[in-house]
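Geometric and topological summary
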Amino acid sequence: RPVIDQLWKSEYHQERGLARGPAFLLYELLNRQIDSYIPVLDRFESRLETLGDLIFKTGGNQNKILNDMLTAKSSALRLRRFLIPQRDLLDRLSWDDYSVIPPEARIYFHDVYDHVVRLADLSESMRDLASSTIETHLAIANNRMNEIMKVLTMISTIFIPMSFLSSVYGMNFRFMPELGWAWSYPLLWCIFLLIVSAMFWFFRRRGWL
């Protein structure tokens, strides 16, 4: 409707549109309508680039970012489904499939057809970009989860021998010689610190930390 209102009020339509016949008026409507898709695709591409930058930043609402990316991919699919039928129709209008289109007007429809083809290819690229962005987001999320699990595993591994020693000397046996030594408690702490230091050094040497 905005395209029709704009064309109806323009002097160009009065001189070159309906005055030249219904075929040229149809061309003007289709040409302006197709041109109105370009700003939408530009904003869509800019939004995808913004989402692509956000996935590399820590923090933020990752669920919302993923939802926005899924919405962007769905929008790209809808846009492509909308452009493909128009491309096929304009392909037929630009040739001799319809006798109501005069030969001198077909070159104009062929020009609009070229625009639609480029927009359809661009929407396909947008869909691929949205898919790759989602895959990258999931890969980064999995990598972050693996890093967290690795740190937690390292902490658990360090505390396993300490927990073993604590459980052994926490048993309520009556005859445990170490419990009667004056330096048993400081010695046990020294062993704990030695275990932590040795395991931390080993993990750093292997590149796990």
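Look a little higher up for the structure.
Structural notes, computed from the coordinates. (Residues numbered from 1 in each chain as written. Predicted model: local features only at pLDDT ≥ 70, side-chain atom pairs only at ≥ 80, totals over all residues. Heavy atoms only, no water.)

Some thoughts on the overall build of the chain
Basically, it comes down to this: Per the convention used, a helix needs a DSSP run of H or I reaching at least four residues, while a strand needs a run of E reaching at least two, with both numbered from the N terminus. Accessibility here uses a 1.4 Å probe with only protein chains present; expressed as a share of the type maximum, an area under 20% marks a residue as buried, one over 50% as exposed, and anything in between as partly exposed. Any two residues having at least one pair of non-hydrogen atoms within 4.5 Å are treated as being in contact. Computed with a 1.4 Å probe, the accessible areas rest on the Shrake-Rupley method; for each residue, only the protein chains presented here act as cover.
Each helix and strand in the chain was counted, giving seven helices and zero strands. Moving toward the C terminus, one meets the helices and strands of the chain in the order α-α-α-α-α-α-α. Counting the 209 residues in the chain, one finds 29% classified as buried. Sequence separation of 24 or more characterises 69% of the internal contacts of the chain that already satisfy a separation of 6 or more. Entry remark: accessible area of the chain is about 14400 Å², with carbon and sulfur atoms responsible for 62%.

Observations regarding the nonpolar core
What counts is decided by this rule: Buried Ala, Val, Leu, Ile, Met, Phe, Trp, Tyr and Cys residues that are joined via side-chain atoms within 4.5 Å together make up what is termed a nonpolar core.
Residues Ile34, Leu90, Ile101, Ala105, Phe109, Val112 and Leu119 are the most contacted members of the largest nonpolar core, which totals 18 residues. By residue number, the principal contributor to this core is helix α6 (residues 103-169), which donates seven residues. Leaving out residues up to four positions away in the same chain, Ile101 has contacts with Ala23, Leu93, Arg106 and Phe109. Formed by nine residues, the second largest nonpolar core is a distinct cluster that contains Ile158, Leu165, Ile195 and Met199.

Focus on the packing of aromatic side chains
The condition is simple: Only rings of Phe, Tyr and Trp enter the pairing, Trp through its six-membered ring, and a pair is recorded when the two centres are within 6.5 Å. The plane angle decides the type: under 30 degrees is stacked, over 60 is edge-to-face, the rest tilted.
In this structure the tally under the stated criterion is two aromatic pairs. Centroid distance Tyr185 to Trp189: 6.4 Å. Interplanar angle 80°. Geometry classified as edge-to-face. Within this pair, Tyr185 and its partner Trp189 are both found in helix α7 (residues 184-205), separated by four residues, close to a single helical turn. Given a relative accessible area of 43%, Trp189 falls into the partly exposed group. Pairing Trp189 with Phe192 gives two aromatic rings, centres 5.8 Å apart and planes at 85°, and the pair type is edge-to-face. Taken together, the residues Trp189 and Phe192, both in helix α7 and three residues apart, mark about one turn of the helix. With a relative accessible area of 8%, Phe192 lands in the buried category. Put simply, the rings of Tyr185, Trp189 and Phe192 touch in pairs and so form one group of aromatic residues.

Describing the pattern of salt bridges
Using the following cut-off: The working definition used for a salt bridge is a side-chain nitrogen of Lys or Arg within 4 Å of a carboxyl oxygen of Asp or Glu.
One pass over the full model with this rule turns up six salt bridges. With a closest N to O distance of 2.4 Å, Glu124 and Arg127 form a salt bridge. Of this pair, Glu124 and Arg127 both sit in helix α6, three residues apart, which is roughly one turn of that helix. In this structure, Glu147 and Lys150 form a salt bridge, with 3.5 Å as the shortest nitrogen-oxygen distance.

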